[in-house]
Amino acid sequence: MELDYHNMRAFADSWGLAFMFAVFLAVIVWTLRPGGKKSSDDAARIPFKED
């Protein structure tokens, strides 16, 4: 397979989209996991912590 623009574009259109969708789903699952509430609450309070 020759690496020209058309072949790279076809690869990115198919597998690139699948990879980005998988990353999106992983971020959603990581955010909504059962043990993530405490770390999310701690991160949300960072701007309000005093020096």
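The coordinates are above.
Residues numbered from 1 in each chain as written. Predicted model: local features only at pLDDT ≥ 70, side-chain atom pairs only at ≥ 80, totals over all residues. Heavy atoms only, no water.

### Some words on the overall build of the protein chain
Then, number 1: For the protein chain, the count of helices and strands is two helices and zero strands.
Then, number 2: Against the 2.2 N^0.38 benchmark of 10 Å for 51 residues, the protein chain shows a C-alpha radius of gyration of 19 Å, more extended than a compact globule.
Then, number 3: Expressed as lengths along the three principal axes of its C-alpha atoms, the size of the protein chain is roughly 55 × 30 × 10 Å.
Then, number 4: Looking at the protein chain residue by residue over its 51 residues, the buried ones come to 2%.
Then, number 5: Averaging the positions of the 6 positive and the 7 negative side-chain charges in the protein chain gives two centres separated by 13 Å. (Helix = DSSP H or I, 4+ residues; strand = E, 2+ residues; numbered from the N terminus. Rg over C-alpha atoms; globule rule 2.2 N^0.38 Å. Buried < 20%, exposed > 50% of the residue type's maximum accessible area, 1.4 Å probe, protein only. Lys, Arg positive; Asp, Glu negative; His and termini not counted. Charge placed at Lys NZ, Arg CZ, Asp CG, Glu CD.)

### Points about the pattern of salt bridges
Then, number 1: Counted by the stated rule, this structure contains four salt bridges.
Then, number 2: Measuring nitrogen to oxygen at the nearest pair gives 3.1 Å for the salt bridge that ties lysine 38 to aspartate 42. Of this pair, lysine 38 and aspartate 42 both sit in helix α2 (residues 37–44), four residues apart, which is roughly one turn of that helix.
Then, number 3: Residue classification places aspartate 42 among the partly exposed residues on the basis of a relative accessible area of 30%.
Then, number 4: Members of the salt-bridge network, linked through shared partners, are Lys38, Asp42 and Arg45. (Salt bridge = Lys/Arg side-chain N within 4 Å of Asp/Glu carboxyl O.)

### A short note on helix α1 (residues 5–31)
Then, number 1: Given a rise of 1.5 Å per residue, 27 residues ought to cover 39 Å, and the 36 Å separating the end C-alpha atoms of α1 matches this to within 8%.
Then, number 2: A bend of about 35° at alanine 12 is the largest found in α1. (Expected span 1.5 Å × (residues − 1). Bend = angle between axes of the 7 residues up to and from the residue.)

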